[in-house]
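If you want the building blocks of each chain, they are given just below.
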Amino acid sequence: MSISSSMSSSELCSMLFPALACSTTLSFPLFLTLLLLISVFTFWLVPGGLAWSLSSSNNNNKKTTTPIPGPSGFPVLGLVFAFTDSLTHRVLAKLSHVFNAKPLMAFSVGFTRFIISSSPDTAKDILNSSAFADRPVKESAYELLFHRAMGFAPFGEYWRNLRRISATHLFSPRRIAASGEFRLSIGATMVRQIKSLMTMEKNKNDGDGVVEVRQVLHFASLNNVMMTVFGKSYEFGEGDCDGNEVEELVKEGYDLLGVFNWSDHFPLLGWLDLQGVRKRCRNLVERVNVFVGNIILEHRIKRGGDNKTVDEGSSDFVDVLLDLEKENKLQHSDMVAVLWEMIFRGTDTVAILLEWILARMVLHPEIQAKAQAEIDSVVGYTRTVTDGDLPNLPYVRAIVKETLRMHPPGPLLSWARLAIHDTQIGHHFIPAGTTAMVNMWAITHDHEIWCDPQEFNPERFMHEKEDAPNIMGSDLRLAPFGAGRRVCPGKAMGLAIVELWLAMLLQCFEWAPSSSGVDLSECLKLSLEMKSSLLSKAIPRHTCILQESTLALPFSFTFSEK
Ligand code: HEM
């Protein structure tokens, strides 16, 4: 018989809290309140907090497993405030250190159970395990239909199909090489644009010729993805309605996917939609459907009424998906989601990484000069750097790797993983439905793994350094693209873009500080951005032979003066 059933509530109350027993009228409600408080605190005091305490009762393997260390956080809320902060990766890295929980730390955010690894070994266990091959789908991702796109689709046949066709038709080395020409064109447009911005700034009220490159990089990157995926480029700025529409859609999508949504962790708040996320998502989806739907329609018309297959040379990713639709493997709404997701994945990562690299170039003139000397000696003074030069520019490539180490665009590997079924990591039991994260930022800044991790030193990636890690996912000391089944499929394409454009920007300009210097403060949204955009001088170098006539430039951007 339980204690509560053998005693009256007032007897129990007087036994547990004798001081309160004098008032019989107050004792019962007070007793209930205290009982509630005690249960909340008992739950809360479990390592990892409330969500873990609610799940641990289901663990039948208790005897053979050990609890995962971790902070309880605030009662009920757990570590909510780590996620509403813009430096979540740093807060979590510090907590893993304090709780001696680098291999694995447990925590709760409301009713969501999390684990996070800040060490290469357990990170590998998570990312390479088929048990963590799903992703948690936040409300915004679901409402934006991303659960039908590759990044959020559940592990299974549909997802495997999307991976396979994108690996063949979008991300294969042959496809990446074939898109070299328009990558170069967009790079050339960017150079022209920066030159004219510098001139404009210099002429303006005796300005000192300082440029803000963020917007130039963003538009270039967006156009590159649009061209790769939709076979279309845009003129952003005044006059191009389609360009402006795509820019607005992308911006709204980033905001929605990046925002911390309380409903994701407190199901009761879900139906209230207090932050208006669902409403905004639904408005956005309507606009996206019209925009992407029109592009798909243009492709259908191009292919002819009977939806003929187009030959590979003139096809883009929309054509590839239309072929799948013919085979009944994909519906129209799936196609919209798949195409739309590529824009989100491919645009900001590239642009943000390039901005961090340029900031580092401004801060380290000796490293910049060394890269420029390498470019000059390999490319000479009579032509523009191209894809073919990149294998001979190891120092430029080392700069990209070192920036990925110091400023990984996805410090928490962007979008987390989800345990599909109950599993174990080492001696720790992980229940199905647990969200698993890897703190790549903590790993790449760990003194026990990296020598002088706070120092920006591309030399550590030069060929002769034998233990320099491969960054493509096989070595978890530096895996900015993730690892395992859901590793970034766009990693080779992303690197091809960043390396070429960086080489072009260094060949054509000397990057010098503005009077306000360089602010390296971070802000984690969907990706890890510079909090204040980079302001610097881009002084044309004598080696810059890129003239209007050097390349055919089908792309252009229009910027309004600020
Ligand atoms: C510097 C550039 C990039 C970085 C740092 C980056 C980083 C990442 C990371 C960390 C993940 C999660 C991996 C994991 O869970 O293990 C990811 C997934 C993904 N990335 Fe990238 N990415 C970049 C460029 C691109 C580009 C250019 C595209 C496509 C145009 C792309 C498409 C994707 C997709 C579709 C996924 C989801 C894959 C899946 O769940 O199966 N990424 N990326």
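Along each chain, residue indices are assigned from 1 in the same order as the chain's sequence is written. Confidence filtering applies because this is a predicted model: local features only for residues at pLDDT of at least 70, side-chain atom pairs given and counted only at 80 or more, and all residues used for totals across whole chains, interfaces and linings.

J.: Would you mind going over the overall build of the chain in detail, with residue names and values included?
T.: Helix and strand assignments come from DSSP, with helices taken as H or I runs of at least 4 residues and strands as E runs of at least 2, each series counted from the N terminus. A count of helices and strands for the chain gives 20 helices and 11 strands. For the chain, the proportion of its 562 residues judged to be buried stands at 41%. Partitioning the intrachain contacts of the chain with sequence separation of at least 6 by distance along the chain shows that 70% fall at a separation of at least 24. Exposure classification rests on a simple neighbour count of other C-beta atoms within 10 Å of a residue's own: a residue reaching 20 or more is buried, one at 12 or fewer is exposed, and one in between is partly exposed. C-beta atoms are placed from the backbone. Any two residues are considered in contact once their C-beta atoms, placed from the backbone, lie within 7 Å.

J.: Describe in detail the nonpolar core, supporting the description with residues and values.
T.: Judged by nonpolar contacts, the single largest core of 136 residues is most densely connected at Leu 354, Leu 358 and Leu 502. When residues in this core are grouped by element, the largest group, 19 residues, is from helix 16 (residues 332-363). Aside from chain neighbours lying at most four places away, what touches Leu 502 is Leu 354, Ile 357, Val 396 and Val 400. Among buried residues, those of type Ala, Val, Leu, Ile, Met, Phe, Trp, Tyr and Cys that are joined through C-beta atoms within 7 Å form a set called a nonpolar core.

J.: Which residues make up the UniProt feature "binding site: heme" (unreviewed entry) in the chain, and what values do they have?
T.: UniProt positions are given in the numbering used here, feature names are shortened, and annotations may be inferred rather than shown by experiment. Listed under "binding site: heme" (unreviewed entry) in the UniProt record, and renumbered for this structure, are Cys 488. Mapping Cys 488 onto the fold places it in the loop between helix 19 (440-444) and helix 20 (491-508). Residue Cys 488 is classed as buried on the basis of its 23 C-beta neighbours within 10 Å.

J.: Talk me through the site of the ligand; I want residue IDs and the actual numbers.
T.: Each residue receives a C-beta atom placed from its backbone. It is near a molecule or strand if this atom lies within 6 Å of it. Neighbouring residues of the ligand: 29 residues in total, closest Gly 346, Gly 482, Cys 488, Gly 490 and Gly 494. Of all the secondary-structure elements, those providing two or more residues to the shell around the ligand are helix 16 and helix 20. The element that contributes the greatest number of residues to the shell around the ligand is helix 16, accounting for 6 residues. Under the convention adopted here, Pro, Cys and the residues Ala, Val, Leu, Ile, Met, Phe, Trp and Tyr are nonpolar, Asp, Glu, Lys and Arg are charged, and Gly plus all remaining residues are polar. By residue class, the composition of the shell around the ligand is 17 nonpolar, 9 polar and 3 charged.

J.: Explain helix 16 to me, and be specific about the residues and the numbers.
T.: The terminal C-alpha atoms of helix 16 lie 48 Å apart, and with 32 residues this matches the ideal 46 Å at 1.5 Å per residue to within 8%. Here helix 16 lies mainly inside the structure; 27 of its 32 residues are buried. In a helix, the anticipated span is given by 1.5 Å times the number of residues less one.

J.: Got a sec to walk through the packing of helix 18 (residues 394-406) against helix 20? Specific residues and values, please.
T.: Interhelical geometry of helix 18 versus helix 20 gives an angle of 120° and a closest axis separation of 10 Å. Considered as vectors, helix 18 and helix 20 are oriented oblique to each other. Handedness of the helix 18/helix 20 crossing: right-handed. Contacts from Val 396, Arg 397 and Val 400 of helix 18 reach helix 20 at Leu 495, Val 498, Glu 499, Leu 502 and Ala 503. To get an axis, fit a line to the C-alpha atoms, keeping to the stretch in contact for a helix; angles then go from 0 to 180 degrees between the N-to-C directions. Small angles under 35 degrees read as roughly parallel and large ones over 145 as roughly antiparallel, with 65 to 115 read as roughly perpendicular and the rest as oblique. When the near helix sits turned anticlockwise from the far one by under a right angle, the crossing is termed left-handed; a clockwise turn instead gives a right-handed crossing.

J.: Can you break down unusual backbone geometry residue by residue, with the values?
T.: Its identity as a non-glycine residue notwithstanding, Asp 273 has a phi of 45°, on the positive side. Note on placement: Asp 273 falls in the loop between helix 13 (241-258) and helix 14 (277-303). A residue is classified by how many C-beta atoms lie within 10 Å of it, and Asp 273, with 16 of them, is partly exposed. Located in the positive-phi region is Asp 452, a residue other than glycine, with phi close to 45°. Structurally, the position occupied by Asp 452 is in the loop between helix 19 and helix 20.

J.: I'd like to hear about the sheet that holds strand 1 (residues 105-109), residue by residue, with values.
T.: Note on pairing: DSSP must find at least two bridges between two strands before they are called paired. Strand order in this open sheet of 4 strands is 1-2-7-4, and the pairing throughout is mixed. Either end of the sheet is taken by a strand with one partner, and the two such strands are strand 1 and strand 4 (417-418). Relative to strand 2 (residues 112-117), strand 1 runs antiparallel, the two sharing 5 bridges. For Val 109, the partnering residue across the bridge sits in strand 2 and is Thr 112. Along the sheet face, helix 7 (residues 120-128) touches strand 2, strand 4 and strand 7 (435-438) and points at about 130° away from the line of strand 7.

J.: Outline helix 15 (residues 317-326), listing residues and values.
T.: Along helix 15, the residues that are buried comprise Phe 317, Val 318, Leu 321 and Leu 322. Relative to the axis of helix 15, the buried residues are bounded by an arc of 140° and lie together on one face. Considering only its buried residues, helix 15 is in contact with helix 9 (157-169), helix 12 (214-230), helix 14 and helix 16. It is the directions from the helix axis to the C-beta atoms that the arc portrays.

J.: If you had to explain the sheet that holds strand 8 (residues 509-513) to someone new, which residues and values would you point to?
T.: Read across the open sheet, the 3 strands follow the order 3-11-8; overall the sheet is antiparallel. Each edge of the open sheet is held by one strand with a lone partner, namely strand 3 (210-212) and strand 8. On average, each strand axis in the sheet is tilted by 50° relative to the strand beside it, whichever way the strands run. Judged from the 3 bridges that link them, strand 3 and strand 11 (residues 535-540) form a sheet pairing that is antiparallel. Each residue of the ladder has a partner; that of Glu 212, found in strand 11, is Leu 535.

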